[in-house]
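# Fold and contact review
Chain by chain, the residues run as shown.
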Amino acid sequence: MGLLEMEGLTKRFSGLTAVDDVDLTVERGETKAIIGPNGAGKSTTINLVTGLLEPTEGHVYYDLSDEDAADLHEIREVPDDERDQQQRQRIEQLRKEYGITGSEPHEVVQKGISKSFQTASIFPGMTARENVQMAALANEHGSFQLNFLRKRDSFTEVDETATEMLEAVELHGSDDVEAGSLPYGDKRRLEIAIALASEPDLLFMDEPTAGMSPEETQSTVDLVERLQEELGLTIVLVEHDMEIIFRIADSIAVLNRGAIIADGTPEEVQDNTDVQEAYLGG
Ligand code: ADP
Ligand code: MG
């Protein structure tokens, strides 16, 4: 059942509807790919969940019990204005218990949801290890606190987290290198380690292989697979390379003009004629 649920999620920018009434489920432990042409609303959808943007309409729910998720799925099928009193009350209850709609980014991170940002999150003058330590430290307290550094035990813990995450992305050999002088692919892996420092259950990756060489792409794909298998992470990724998607995704959601036009296993999506017309080019 769903770890993350979206219900009627909508984002309008003045005249443009970037995300249009999206119902989507991310299952616990799966790797879900979101695909679709440029401008389809993939990044906006992720930003609505991770707190970088506030939805115009709709709701996001996190970490539901199976029973509650089943109820949500049932009610979600009924259009808003056709829901009876009982369904309205039930969904209010679910929103109160599980709703993360419109939360601030740091609140979302504390819930266990993280996003791998592109280069913006790296401090180039600090070492790879210091970058991950900073991120682990920020998570421990919700925000960075200087006096925390005086508490040795806590810092040991932060350093252990940093070691673990640098090992997970195979950067432990370069942990004392200044982040700014790492090769491009290593920088992108460091961003993933920074995202992992908050020890999330759910990790969003927006085009993690963009701009990578074939070798860097290969090792990133291996990494995503390992994160799912070894850390038990649930992963949502936006990716253009269909070969990569078919290799690592358990399910694929297809966005077109802000709306979900298909959602299912790779095989189901591949056979979907709407998808073939809109995206795969016939
Ligand atoms: P994708 O990631 O699928 O390529 P985006 O989610 O980035 O697409 O964008 C969806 C649509 O919303 C595009 O038409 C884009 O131009 C528009 N858009 C995205 N962010 C903003 C913004 N902050 N202000 C106005 N329009 C935006
Ligand atoms: Mg995008």
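Above this text sits the structure in question.
A brief look at the structure comes next. (Residues numbered from 1 in each chain as written. Chains lettered and ligands numbered in written order. Predicted model: local features only at pLDDT ≥ 70, side-chain atom pairs only at ≥ 80, totals over all residues. Heavy atoms only, no water.)

## Here we look at the side chain of Asn 131
Mapped onto the secondary structure, Asn 131 falls in helix 5 (residues 128-141). Look past the residues within four positions of Asn 131 in its chain and what remains in contact with it is Ser 121, Ile 122, Phe 123, Met 126, Ala 179, Leu 190 and Ile 194. (Helix = DSSP H or I, 4+ residues; strand = E, 2+ residues; numbered from the N terminus. Contact = heavy atoms within 4.5 Å.)

## Observations concerning the packing of helix 7 (residues 184-196) against helix 8 (residues 214-230)
Two measures define how a pair of helices packs: the angle their axes make with one another and the distance between the axes. The geometry of helix 7 relative to helix 8 is characterised by a closest axis approach of 10 Å and an angle of 15 degrees between their N-to-C directions. As judged from the angle between their axes, helix 7 and helix 8 are roughly parallel. Here helix 7 runs over helix 8; the crossing is right-handed. Residue-level contacts link Tyr 184, Gly 185, Arg 189, Ile 192 and Leu 196 of helix 7 to Glu 216, Ser 219, Leu 223 and Leu 227 of helix 8. Broken down by class, the residue content of the contact of helix 7 with helix 8 amounts to five nonpolar, two polar and two charged. (Axes fitted to C-alpha atoms, helices over the stretch in contact; angles between N-to-C directions. Parallel < 35°, antiparallel > 145°, perpendicular 65-115°, else oblique. Left-handed = near helix turned anticlockwise from the far one by under 90°. Nonpolar A, V, L, I, M, F, W, Y, C, P; charged D, E, K, R; others polar.)

## Quick notes on the nonpolar core
Core analysis: the largest hydrophobic core is formed by 42 residues, its most contacted members being Val 132, Leu 190, Leu 196, Leu 227 and Ile 252. Here the element with the most residues in this core is helix 7; it accounts for six residues. The residues touching Leu 227, leaving out its near neighbours within four places in the chain, are Ala 168, Ile 192, Leu 196, Leu 203, Gly 232, Leu 233 and Ile 235. (Core = buried A, V, L, I, M, F, W, Y, C linked by side-chain atoms within 4.5 Å. Buried < 20%, exposed > 50% of the residue type's maximum accessible area, 1.4 Å probe, protein only.)

## A short note on the pairing of strand 8 (residues 251-256)
The buried fraction of strand 8 amounts to six of the six residues, a majority that puts the element mostly inside the structure. Here strand 8 shows no split at all, with Ser 251, Ala 253 and Leu 255 on one side and Ile 252, Val 254 and Asn 256 on the other all buried. Bridge analysis of strand 3 (residues 31-35) against strand 8 gives four bridges, and the strand direction is parallel. The partner of Ala 33 across the bridge, within strand 8, is Ile 252. In this sheet, strand 9 (residues 259-264) lies alongside strand 8 in antiparallel orientation, the contact comprising five bridges. By the bridge assignment for strand 9, Val 254 is matched with Ala 262. The loop that links strand 8 with its antiparallel partner strand 9 comprises two residues; one of these, Arg 257, has a positive phi angle of about 50 degrees. (Pairing = 2+ DSSP bridges.)

## Looking at the site of ligand 1
Lining the immediate environment of ligand 1, one finds Phe 13, Leu 16, Ala 18, Pro 37, Asn 38, Gly 39, Ala 40, Gly 41, Lys 42, Ser 43 and Thr 44. For ligand 1, an oxygen atom lies 3.2 Å from a polar atom in the backbone of Ala 40. Thr 44 has a polar side-chain atom sitting 2.6 Å from an oxygen atom of ligand 1. Starting from 560 Å² of accessible surface for ligand 1 in isolation, the protein chains cover 59%. When contributions to the shell around ligand 1 are tallied by element, the ones reaching two or more residues are strand 2 (16-27) and helix 1 (42-49). Here the shell around ligand 1 takes three residues from helix 1, the largest share from any one element. In terms of residue class, the shell around ligand 1 is made up of five nonpolar, five polar and one charged. (Near = heavy atom within 4 Å. Polar contact = N/O pair within 3.5 Å; in protein donor to acceptor, adjacent residues only side chain to side chain. Areas by Shrake-Rupley, 256 points an atom, 1.4 Å probe, with all protein chains shown as cover.)

## Section: the pattern of salt bridges
In this structure the tally under the stated criterion is 17 salt bridges. A single salt-bridge network, built from bridges that share partners, covers Glu 7, Asp 80, Arg 83, Glu 92 and Arg 95. (Salt bridge = Lys/Arg side-chain N within 4 Å of Asp/Glu carboxyl O.)

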